[in-house]
Amino acid sequence: MSGPVELRSSQGAPHAAILGLGAYRPSRVVPNSEIVGRIDSTDEWVQQRSGIRERRWATDDETVQSMSVAASRVALERAGIDATQIDCVVVATISHMMQTPAVATLVAHELGTEQAAAFDVSAACAGFCHGVGMAADFIRAGSARHVLVIGVEKLSEITNPDDRGSAFIFADGAGAVVMGPSDVAGVGPVVWGSDGEQYDLIRQREDWREVIVADEPVIPHLVMQGNAVFRWASFAMAKIGREALDRAGVSPEQLDCFVPHQANMRITDAMARAMKLPPGVRIARDIAEQGNTSAASIPLALERMYDEGDAKSGDIALLVAFGAGLAYAAQVVRLP
Ligand SMILES: CC(C)(COP(=O)(O)OP(=O)(O)OC[C@H]1O[C@@H](n2cnc3c(N)ncnc32)[C@H](O)[C@@H]1OP(=O)(O)O)[C@@H](O)C(=O)NCCC(=O)NCCS
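In this text, all values refer to a predicted model and were calculated from it rather than measured experimentally.

Q: I'm lost on the site of the ligand in this one. Help?
A: Around the ligand, a shell composed of 21 residues is seen, among which S41, R49, M224, N227 and N264 lie nearest. Note that a nitrogen atom of the ligand is positioned 3.4 Å from one of the side-chain N or O atoms of W45. At 2.7 Å from an oxygen atom of the ligand is found a side-chain nitrogen or oxygen belonging to N227. In isolation the ligand exposes 960 Å². Once the protein is present, 72% of that is buried. For the shell around the ligand, the secondary structure elements donating two or more residues are helix 1 (43–50), helix 6 (226–248) and helix 7 (265–274). No other element matches helix 6, which puts three residues into the shell around the ligand. Considered class by class, the residues forming the shell around the ligand number 11 nonpolar, seven polar and three charged. Split by domain, the residues of the shell around the ligand number at least three in each of domain 1 (15–182) and domain 2 (191–334).

Q: When you look at the packing of helix 6 against helix 7 in this model, what are you seeing that I'm missing?
A: Axes are the key here: two packed helices are described by the angle between their axes and the distance separating the axes. Relative to each other, helix 6 and helix 7 sit at 30°, their axes nearing to 8 Å. Classed by the angle they form, the pair helix 6 and helix 7 counts as roughly parallel. Of the two possible hands of crossing, helix 6 and helix 7 adopt the one that is right-handed. Counting all contacts with helix 6, which are made through F230, A233, S234, M237 and A238, the residues of helix 7 involved are R266, I267, A270, M271 and A274. Among the residues making up the contact of helix 6 with helix 7, the classes are represented as eight nonpolar, one polar and one charged.

Q: For this particular structure, what's the right way to read the sheet that holds strand 5 (residues 117–121)?
A: The strands making up a sheet associate through backbone hydrogen bonding, with each pair oriented either parallel or antiparallel. If you trace the five strands from one edge of the open sheet to the other, you get 1-7-6-4-5, paired in mixed fashion. Two strands lie at the open edges of the sheet, namely strand 1 (15–24) and strand 5, each paired on one side alone. Within this sheet the neighbouring strands show an average axis-to-axis angle of 20°, counted without direction. Sheet topology places strand 4 (residues 88–92) next to strand 5; five bridges connect them, and they run parallel. Looking across to strand 5, one finds that V89 is bridged to A118. This element, helix 2 (residues 64–79), spans strand 1, strand 6 (147–154) and strand 7 (172–182) of the sheet and lies at about 125° to strand 1.

What counts, and at which threshold
- Residues numbered from 1 in each chain as written.
- Predicted model: local features only at pLDDT ≥ 70, side-chain atom pairs only at ≥ 80, totals over all residues.
- Heavy atoms only, no water.
- Near = heavy atom within 4 Å.
- Polar contact = N/O pair within 3.5 Å; in protein donor to acceptor, adjacent residues only side chain to side chain.
- Areas by Shrake-Rupley, 256 points an atom, 1.4 Å probe, with all protein chains shown as cover.
- Helix = DSSP H or I, 4+ residues; strand = E, 2+ residues; numbered from the N terminus.
- Nonpolar A, V, L, I, M, F, W, Y, C, P; charged D, E, K, R; others polar.
- Domains from an automatic or database assignment.
- Axes fitted to C-alpha atoms, helices over the stretch in contact; angles between N-to-C directions.
- Parallel < 35°, antiparallel > 145°, perpendicular 65-115°, else oblique.
- Left-handed = near helix turned anticlockwise from the far one by under 90°.
- Contact = heavy atoms within 4.5 Å.
- Pairing = 2+ DSSP bridges.

Next comes the structure, spelled out in structure tokens:
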């Protein structure tokens, strides 16, 4: 008589780390002056209330897929990893226009992975940090050795140019990281969660069934109760950031960079104040020239910090992402 069947379970690397970062900014620069006329606003108002001076919008040729591939190629090259070594591709996005299949499978194929596992994550502006958290766990658990995590959006296609509350905020772009095994911890514990009671604060205006039965063509634009989101993000997310620091065993004094989701410059400032970050911590402010690119905003902001000398390899950075759902995720990482 044999006993119960014993299953083997996998075991991966002792630690995971980010090995390389890449980004792609669309070619079209859109200043506030192009937007404010339709929403009875001004360049001054938009800059003062959001910190945004201009944003990038993709052209027809710049798609969710093409921007993902471009950012990933840079990340792979910087990581010194070939696409054939990638076991898993995670794409965080809310603006891939096909409900199914996932754009991740197209990206994995175009990059030349060897049939890597590939799927999309729908956690809106928090999607990239969800992806980083999952990828670190896959690597440590042995489900994958090298994971590509992409945050990408083409929000210009689902932004209502006549909506005063959001027309000036949303933008397009892509960022990617290659993650892999490491001897030392490169990713701290993820602090994540959701508050479905506030599901309505940022959402697609019509569900797809309403789009199908509409008499006139309908684009299911994003709608947002900006002020409620603003109040929630400025305070609740500072707590999540502090918790991510505590769980990683990092004090604010040991932090080099703070890279929050680029939602609004005033939210970034309020969070930094509420977390009592020391003045030496460098803070990502990509939103001024890039707008809010949802899932892409953290890797894009990080890329700018490298370019401007505000971040370097080995730096300790706190990532805090939050958005529709409401969903949030934060972790401390060591920069590649
Ligand atoms: C959208 C946002 C910039 C608006 O700023 P705000 O300070 O909250 O502004 P409010 O909505 O309270 O409106 C304040 C006033 O400005 C007016 N206003 C709103 N939009 C305006 C615009 N585009 N131009 C000029 N005035 C505007 C309002 O009518 C209101 O006027 P009143 O005081 O006479 O009633 C801000 O709420 C925000 O960024 N929220 C976070 C949104 C976000 O990042 N979401 C993405 C997901 S994380």
